[in-house]
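Structural features, examined
Listed below are the residues making up each chain.
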Amino acid sequence: MENQEEMQEEDDVKIIRTTSAFDCGGRCPLRFHVKDGKIIRVEGDDSADSDKQLRTCIRCRAIRQYIYHPERLRYPLKRAGPKGSGKFERISWDEAYDTITKKLKETIEKYGNQAIFNIANGGYFGALHGAAVAYARLFASIGGFTTTYGNISSQGAIFGTQASYGFGQIFVGNSREDWLNSKLIICWGWDPARQISGTNTLWWLIKAKENGTKVIVIDPRYSDTALVVADQWIPIIPGTDTAMMAAVAHVILKENLQDQEFLDKFTHGFDKYREYVMGEEDGIPKTPEWAEKICGVKASVIEDLAREYATTKPAALEDCQGPARSAMGGQYNRGAITLSAMTGNIGKPGGSACGGLHGIPIGHMFRSAMIPPGANKAYPKGKSLRGNINPRDRLGTKVHVNKVFDAILKGKSGGYPADVKFVWFSVCDFVNQLGNTNKAAEAMSREDLFTVVPELWLTPTAQYADIVLPVTGFSSRTDLTRPWPSGPYFGHMNKAIEPIGECKDDLLIAEELAERLGIKNFKRDELLELFLQNPQLAPAKPLLEKYEDVNDKWLRLLAVMSDDVRNNVKDYDKYREKGVQRVKLKEPYVAFKKNIDDIEKNPFATPSKKIEIYSDQIASWNNPLCPPIAKYIPTWENREDPLVEKYPLQMISPHPRQRVHSELYKIEWLMEAIPHRMWINPVDAESRDIRNGDMCLVFNDRGTVAIEAFVTKRIIPGVVCIYEGAWYNPDENGIDRGACANTLTKDAMSEGGAAALKTCLVQVKIEKGGA
């Protein structure tokens, strides 16, 4: 490889080692081959150790087309037609900045800072150049803003995890090589072949299978993960997981297969769950026969699964975020945690803690390594909801993430904290990615609403903007990056090419706006001087003086500020050059092992100091739709909803394999490799006279999408699947020709705060005159 690189250097080709920054589940090391200032080739990690190699997927293998796509934004734009029309004209940066600062000042003067709605989520994960922090710091410096709470992806899993393990507990996964210690792996609603869940997750699943581990997949689809590694597929009706989990628990308890010693020593309130499962609470034993009528899984299959899981030691039950992104919410994750506790698999090598988040606390420099955004003075008495599992405790400061557009439409009259007049989207395509896209389009069409969108593309959200600002991508940035929670490694992004067109990075945009707004000590060099006045950081000042570039100084300082980086990176320059620093573990990381090994010294972060099967805090809310134990509760738009007479099919919308949510949508190579199609079972297709490849209309009261049918037995009858992220593109009749799944979903949340995007009823028919 060295000889090859030397040859390429002779041909004036430089290899720049870097990492991606997508919210893709991976964040892989990449090698950009650059000639004459242009990337001509992209390769992945070239580690010679197959177990350490971090393999990139098709997304980044197509990244060159993403970087140089003709539709990439290159210049500032202002709206030149109706909102949503996509009609814009090129303007200068000065005009863009002047327009924005004028509108900001007008908004504050007339309506107050609460009328500024700063919305940020996903898109880019870097320590220095994160858009969310850059713009939050800008708006905090002029008096504050309204913002969101809740994570659109994982709030249900966060709720379930923190209710069971305590506030702040989000790293509940084992390092992936620990699966080699497992005798059984159950992927319950989890499809890492698509979701990724850490760059090498599927690699280690395959190795575990080759090592003799049995793999069971429970999913409404015969997923890609099932296709690759499953010994058994158990299809299940969406939204009924907690019913099946209760039936598994019933078998375990009835046959006395539970690890009672573990439950007695490490859990709180299990007797309450036992009473529910055995029918002592409500007179209904949660038997496999009871569950079969709800979840569609045969009673005999549930019994066999329960016995196998309870008697195979150790066993890893792996839940995830997807099924929790529903009206059922975190009850699904709490049910999985309860089963893992019943079998004594928490904190044990080869077991699992469940919780759906899969993260390990190694490689997560961002806990300390970032520029703080500053205090939000618009709500000086407001309480931060970070880590708070009670979604109702807003205290008037924030809007739930799946209620963004409802808040824009209704404002204070709808119970929201502000009447919004100015919206800033920090590189997040929320028109496309939140529930009820048609409502989002209505909200964004308000003529009295001024909207700014910094972006790389003219996304569905950007098409409703008044001003669009072109931003750089990761190929033009240098930054520290972290892996998706699986680790264990640190990434280093290295600038490979100059910004395309007139693109600027988010930090620079925030700085230039701050200058026009008269904000002092905002620029990177000014802020660095203030930081270094901190006595704890002052020793770093003489070490940084020999470096000229302010970004380089910041990155070195952030690396020092991070315990993870400081303890594992001994040579920063070598780390930067290689683009990745692998962390060698003495043994696989196992979540909560130290708690289980010695709970007296290491209690759980819950009120009871134990794993809470029953939550006294949740019980105090007295909300029957959010019970203190993991219960099955029928939700709206499931198969028991009367609406099923009108819309008889459940729609699920998992992660796509060819996109990162809505990013990479325009990449032709990826479109060709994996077309955007609706999965439908032959039973449902035949009754509607639908054949493979037919253009269909999928609809409900919220909207209609047009999409090609993929007729397959890989999905159960009564369920259709439209992968999320395709771009909203309504025609003159309001039919979404892009087939955005969220045109059909609801802008609602579960009682535990999850964005309920996976609870949705639809009908399907052939489009007359369709292809």
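From a predicted model like this one, the values you see are computed outputs, not experimental measurements.

Let's talk about the pairing of strand β6 (residues 116-120)
One face of the sheet, then the other: side chains in a regular strand alternate in exactly this way. Of all five residues making up β6, four are buried, and the element is well covered by its neighbours. Taken together, the five bridges between β6 and strand β14 (residues 422-426) define a ladder with parallel strand orientation. Opposite Ala120, over in β14, you have Ser426 as the bridge partner.

A word on the sheet that holds strand β4 (residues 77-79)
With mixed pairing, the six strands of this open sheet are ordered in space as β5-β4-β16-β15-β14-β6. With one partner strand each, in any of the chains shown, β5 (88-90) and β6 form the two edges of the open sheet. Ignoring strand direction, the axes of neighbouring strands in this sheet form an average angle of 20 degrees. Of the strand pairs in this sheet, β4 and strand β16 (residues 467-470) are connected by two bridges, and their pairing is antiparallel. Within the sheet, the bridge partner assigned to Lys78 lies in β16 and is Ile467. Packed onto the sheet, helix α4 (residues 93-111) meets β4, β6, β14, β15 (450-455) and β16 and runs at close to 130 degrees relative to β16. Against the sheet, helix α5 (residues 131-140) makes contact with β6, β14 and β15, and its axis sits at roughly 150 degrees relative to β14, the strand it touches most.

What to know about the packing of aromatic side chains
A full pass over the atoms with the stated rule returns 27 aromatic pairs. Aromatic pair Phe159 and Trp621: ring centres 6.4 Å apart, planes at 45 degrees, arrangement tilted. Taken together, the positions of Phe159 in helix α6 (residues 155-165) and Trp621 in helix α26 (residues 616-621) put the pair 462 residues apart, joining distant regions of the chain. Judged by its relative accessible area of 2%, Phe159 is buried. Accessibility expressed as a relative area gives 22% for Trp621, which makes it partly exposed. With centroids separated by 6.3 Å and ring planes inclined at 85 degrees, the aromatic side chains of Tyr647 and Phe699 adopt a geometry described as edge-to-face. Of the two residues, Tyr647 sits in the loop between α26 and β21 (649-652) while Phe699 sits in strand β23 (residues 695-700), which places them 52 residues apart along the sequence.

Details of α4
Between the first and last C-alpha of α4 there are 26 Å, a value that for 19 residues agrees with the 27 Å anticipated at 1.5 Å per step. Residues Trp93, Ala96, Tyr97, Ile100, Thr101, Leu104 and Thr107 constitute the buried set of α4. In a view along the axis of α4, the buried residues occupy a sector of 130 degrees, so they form one face of it. Every exposed residue of α4 that faces more than 90 degrees away from the buried side is listed here: Lys102, Glu109 and Lys110. Turning to α4, the residues buried within the fold contact β6, α5, β14, β15, β16 and α19 (506-516). Backbone geometry just after α4 places Gly112 at a positive phi near 90 degrees.

Thoughts on α19
α19 sits mainly inside the fold: eight of its 11 residues count as buried. All buried positions along α19 are accounted for by Asp506, Leu507, Ile509, Ala510, Glu511, Glu512, Leu513 and Ala514. Next to the buried residues of α19 lie α4, α5, β14, β15, β16 and α20 (524-531). Structurally, the start of α19 carries an N-cap: the backbone nitrogen of Leu507 is 3.0 Å from a side-chain oxygen of Asp505. Looking one or two residues beyond α19, the residue adopting positive phi is Gly518, at roughly 75 degrees.

Remarks on the packing of helix α10 (residues 241-254) against helix α15 (residues 331-342)
For the pair α10 and α15, the least separation of the axes is 9 Å and the interaxial angle reads 15 degrees. Here α10 lies roughly parallel to α15, going by the angle between them. Crossing geometry of α10 relative to α15 is assigned as left-handed. Residue-level contacts link Asp241, Thr242, Met245, Val248, Ala249, Ile252 and Leu253 of α10 to Gln331, Tyr332, Gly335, Ala336, Leu339 and Met342 of α15. Its residues assigned to classes, the contact of α10 with α15 shows nine nonpolar, three polar and one charged.

Some words on the sheet that holds strand β10 (residues 232-234)
Spatial ordering of the open sheet is given by β10-β9-β8-β12, a layout of four strands whose pairing is parallel. Edge positions in the sheet fall to β10 and β12 (315-318), since each of these pairs with one other strand and no more. Averaged over all pairs of adjacent strands, the angle between their axes in this sheet comes to 15 degrees, without regard to strand direction. As judged from the five bridges shared by strand β8 (residues 184-188) and strand β9 (residues 214-218), these two strands associate in the parallel manner. In the strand pairing of β9, Ile185 is matched with Val215.

Quick notes on unusual backbone geometry
Cis geometry is adopted by the peptide bond preceding Pro314, which originates at Lys313 and carries an omega value of -10 degrees. Within the element layout of this structure, Pro314 appears in the loop between α14 (299-311) and β12. The phi dihedral of Ser197 is positive, around 55 degrees, even though this residue is not glycine. Here Ser197 is to be found in the loop between α7 (192-195) and α8 (201-210). Taking the relative accessible area as the measure of exposure, Ser197 reaches 0% and is therefore buried. Look at His358: it is not a glycine, yet its phi comes out positive at around 65 degrees. Within the fold, His358 resides in the loop between α15 and β13 (398-400). Exposure remark for His358: the relative accessible area of 4% places this residue in the buried category.

Rules and cut-offs
Residues numbered from 1 in each chain as written. Predicted model: local features only at pLDDT ≥ 70, side-chain atom pairs only at ≥ 80, totals over all residues. Heavy atoms only, no water. Buried < 20%, exposed > 50% of the residue type's maximum accessible area, 1.4 Å probe, protein only. Helix = DSSP H or I, 4+ residues; strand = E, 2+ residues; numbered from the N terminus. Pairing = 2+ DSSP bridges. Axes fitted to C-alpha atoms, helices over the stretch in contact; angles between N-to-C directions. Contact = heavy atoms within 4.5 Å. Phe/Tyr/Trp six-rings, centres within 6.5 Å; stacked < 30°, edge-to-face > 60°. Expected span 1.5 Å × (residues − 1). Arc of directions from axis to C-beta. Polar contact = N/O pair within 3.5 Å; in protein donor to acceptor, adjacent residues only side chain to side chain. Parallel < 35°, antiparallel > 145°, perpendicular 65-115°, else oblique. Left-handed = near helix turned anticlockwise from the far one by under 90°. Nonpolar A, V, L, I, M, F, W, Y, C, P; charged D, E, K, R; others polar.

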